[in-house]
Structures are given as C-alpha cells and as structure tokens.
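Chains, contacts and geometry: an overview
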Amino acid sequence: MQGKISREYKSGLLNKAALTAAGVGLLATLGLIGSASAEDYPSRTITLVSPYSAGGDADLAARNFAAAAQKALNQTMIVVDKTGASGVVGSAFVVGAAPDGYTLLLARTGSQSILPAIQPSKTRYTWDQYTFIGTLELNPYGCLVNADSPYHTFKELVAAIKTKGKAMNYGTAGVLTTNDMGPRLLFKILNLTDQKPTEIPYRGTGDTVQSLLAKQTDFSCGSLGSFISFVQAGKLRALIVTTPKRIKEMPDVPTARELGFEGMEGVVGWSGVFGPPGMPADVVKKLANAMQVVAKDPAWQAGTARTGSVPYVLSPEKTKEFAQKQYEVYRSLGESLGIIEKKP
C-alpha cells in the first residue's frame, strides 16, 4: 500500500494535503509510524537517493557521505541516482517513502529551495515537508568554458554574450537549478532581454560537465565540485567564482566582486540530508549524531575538499532554519527576475 501511495504521488493523483493525510494516516493505522526506533536502527541497508545524474555535485556529495556514514552507523548505505525533472523525481520519491529512516535524500539547492520557491506546481512538495536531519557542505559557484574556448576571461565571455546572444548556448543541470539561476541572474545584470544565450538543460551536472568537455555548449555556471578536477587537468577553464574571496583550489580565478559582478554572490550551492515526513525523533537523533561523527572523519573532509566544497554540518533544528532562509533567498531572487510561477 505504501508503494501505491508513492506511485500516486509521483503521478500527480494526490495533492500535498491528500498525500500527507493518506500516507501518514494509513501508516499510523498499520502501526508503522514509530516502529523504527534508535534501539535497533539501523538493522538493514540504508538507501540515500541522489536526485541528479552520476558524476555531478549531488552524486559526489552523496557517495562521499555514504562512505563515511556507514562507518558511523555500522551499517551499509548505498547511493541510488533517481534523476529527472531538475531533481524533482528523486526528491518526490523520498517524500513518498516510508518514514523509517531507510530511505534518505541527498538534498540540493535546486530541488529543495529553488523549485519549491519559484515553481511549486512542478514539485508538488514544499521546502518544509521533509524531516530535516542535517546540512553537509557549501559549494563555491562559478562559470566555466572549455580550455580551447576563445574566451580567456569573464569579461571576454560577457562581451560575446552581449553581441552573439541566442547564437550562444550554455548547459545546465535542468531548469531552475543553480546552474540555471546563475546565468539568469547574469543576464539580468547585463540587462539582456530577448537576446539571451540558449539554455541546454541536462539531467544533472555530470551531463553538463560532459557537454562542456565535448564542446557542445559554450559555457556553464554551477557549483564547482564537478568541474574542479577538469580545471586542474587543463580541460576546462574557470573564469569567475562567486565567493567573496578566491578559493585555494583555483587561486588564479578572480571573484565576482573583483570583476564588478558582486550581484552574482547571491547564488551558492549546498548539500544536506533530508528524510520523508514523519520520521521518529529518536531515529533522526541517531542520524544527526552520525553526521556529527562524519564531520570529523578525515576521509570525508578530504573528499569534501577535493570537490572544492566547505564542510557545513548543522543540527536538524539549524538545518530547518537554513532551508527556510534558502527558500526565501530564491523566492526573493525569483521575484526580482520576474520568473515566479503565476497562480492559474
């Protein structure tokens, strides 16, 4: 019956209120809510759903976390990539999963903040519908081109965007992801209207990176984790980072502030671990405690550093506050860009 609820949810046959009432009510009737407790949790494999494609920021963060978490929990944790609809497919799957702690979500900015803020009808879940367990990391953001690109500086890229417009294209991990919001914000700063480069949406950042490597797209903007190794290998060229200071992994890349584009600093990536609504408090506590152990794990710290990310592990309560602020940031940004979904 739980599988039926999940399928109905994903097909749009149940709205959020109906899902909550039907799913939680049925589980309570069957006595399943509260059956999972910290006393014997976890007694079997935990699935961590990554809502974007393999090789992307979410996938890298998920696998790095899973490797450390299974040591902290003394139980296997596997990563499953459930891609599609800019992260909605995987995110919706977790919302509809049993709240027993055995199905978790690698939460990301696009699927948990941007889409619920700007296009809520697409998600059918809200930013606060999840059980908040903890944040993991913050991801520096930037814009890049292929190493063979004629654009050697950000100003050269901007000049080309202004003159070539739609003749240029850029890759994203899907509409209303951070890969998408950064260019949208840039085009607004540049006062572009109809003559904007053409967006090529992919299923995840990993696919976006491959398109840039294959020279199928002119540029891409996004969290730098998926791009850094290719920059260091000389295959991609980073032109700008949105952090207030230059990042140590790419010390020669100027900041948005240095280049006079400080307005770009509003876009940043992050990862977290969320669960389905209604998880038992003692299971949440055990997972949150495990995340604090993970935060001190040298292997996890090294893996996080390799992607250029910054450790940022918060408690469940602080994570909810952070998620709300992120939702509000993108709601405000969406309003300024005029892209908030209009009610029918």
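Throughout what follows, the structure given in this document is the object of discussion. (Residues numbered from 1 in each chain as written. Predicted model: local features only at pLDDT ≥ 70, side-chain atom pairs only at ≥ 80, totals over all residues. Heavy atoms only, no water.)

1. Regarding the overall build of the protein
When helices and strands are tallied, the protein shows 13 helices and 11 strands. Buried positions account for 55% of the 344 residues belonging to the protein. (Helix = DSSP H or I, 4+ residues; strand = E, 2+ residues; numbered from the N terminus. Buried < 20%, exposed > 50% of the residue type's maximum accessible area, 1.4 Å probe, protein only.)

2. What to know about the environment of Asp 180
Relative to the helices and strands, Asp 180 is located in helix α8 (residues 178-189). Separated by 19 residues in sequence, Asp 180 and Glu 199 place their C-alpha atoms 8.0 Å apart. Once residues lying within four places of it in the same chain are set aside, the contact partners of Asp 180 are Tyr 170, Thr 172, Gly 174, Val 175 and Glu 199. (Contact = heavy atoms within 4.5 Å.)

3. Quick notes on the nonpolar core
By size, the foremost hydrophobic cluster in this structure holds 50 residues, and its most contacted members are Phe 154, Ile 161 and Phe 219. Residues contacting Phe 154, with those up to four places away along its chain left out, are Cys 143, Leu 186, Leu 239, Ile 240, Leu 259 and Phe 261. With 30 residues, the next largest nonpolar core counts Phe 65, Ala 66, Ala 69 and Val 284 among its residues. (Core = buried A, V, L, I, M, F, W, Y, C linked by side-chain atoms within 4.5 Å.)

4. Thoughts on the sheet that holds strand β11 (residues 310-311)
Taken together, six strands build an open sheet; the order of strands is β2-β1-β3-β10-β4-β11 and the sheet is mixed. Two strands lie at the open edges of the sheet, namely β2 (77-81) and β11, each paired on one side alone. By the bridge criterion, three bridges tie strand β1 (residues 46-50) to strand β3 (residues 103-108) in an arrangement that is parallel. By the bridge assignment for β3, Val 49 is matched with Leu 105. Strand contacts of helix α3 (residues 57-73): β1, β2, β3, β4 (131-139) and β10 (269-275), with the helix running at about 165° to β2, the strand carrying the most contacts. (Pairing = 2+ DSSP bridges. Axes fitted to C-alpha atoms, helices over the stretch in contact; angles between N-to-C directions.)

5. Points about the packing of aromatic side chains
Applying the stated criterion across every chain, the model contains 12 aromatic pairs. The aromatic ring of Tyr 102 is capped on one face by Arg 44, whose charged end is 3.8 Å from the ring centroid. The ring of Phe 93 has Lys 82 lying over it, and the distance from NZ or CZ to the ring centre is 4.4 Å. (Phe/Tyr/Trp six-rings, centres within 6.5 Å; stacked < 30°, edge-to-face > 60°. Lys NZ or Arg CZ within 6 Å of the ring centre and 35° of its normal.)

6. Brief notes about the packing of helix α5 (residues 109-118) against helix α13 (residues 316-337)
Running from amino to carboxyl end, α5 crosses α13 at an angle of 50°, the nearest separation of the two axes being 8 Å. Taken together, the axis directions place α5 and α13 in an arrangement best described as oblique. Regarding α5 and α13, the two cross each other, and that crossing is right-handed. Along the contact surface, α5 presents Thr 109, Ser 113, Ile 114, Pro 116, Ala 117 and Ile 118, while α13 presents Ala 323, Gln 326, Tyr 327, Tyr 330, Arg 331 and Gly 334. Tallied by class, the residues present in the contact of α5 with α13 amount to seven nonpolar, four polar and one charged. (Parallel < 35°, antiparallel > 145°, perpendicular 65-115°, else oblique. Left-handed = near helix turned anticlockwise from the far one by under 90°. Nonpolar A, V, L, I, M, F, W, Y, C, P; charged D, E, K, R; others polar.)

7. Here we look at the environment of Glu 199
Along the chain, Glu 199 turns up in strand β7 (residues 198-201). Judged by its relative accessible area of 19%, Glu 199 is buried. Distance in space between the C-alpha atoms of Glu 199 and Tyr 170 is 5.2 Å, their sequence separation being 29 residues. For Glu 199, the residues in contact, after removing those within four places along its chain, are Tyr 170, Thr 172, Gly 174, Val 175 and Asp 180. Side-chain polar atoms of Glu 199 contact the side chain of Thr 172, separated by 2.9 Å. (Polar contact = N/O pair within 3.5 Å; in protein donor to acceptor, adjacent residues only side chain to side chain.)

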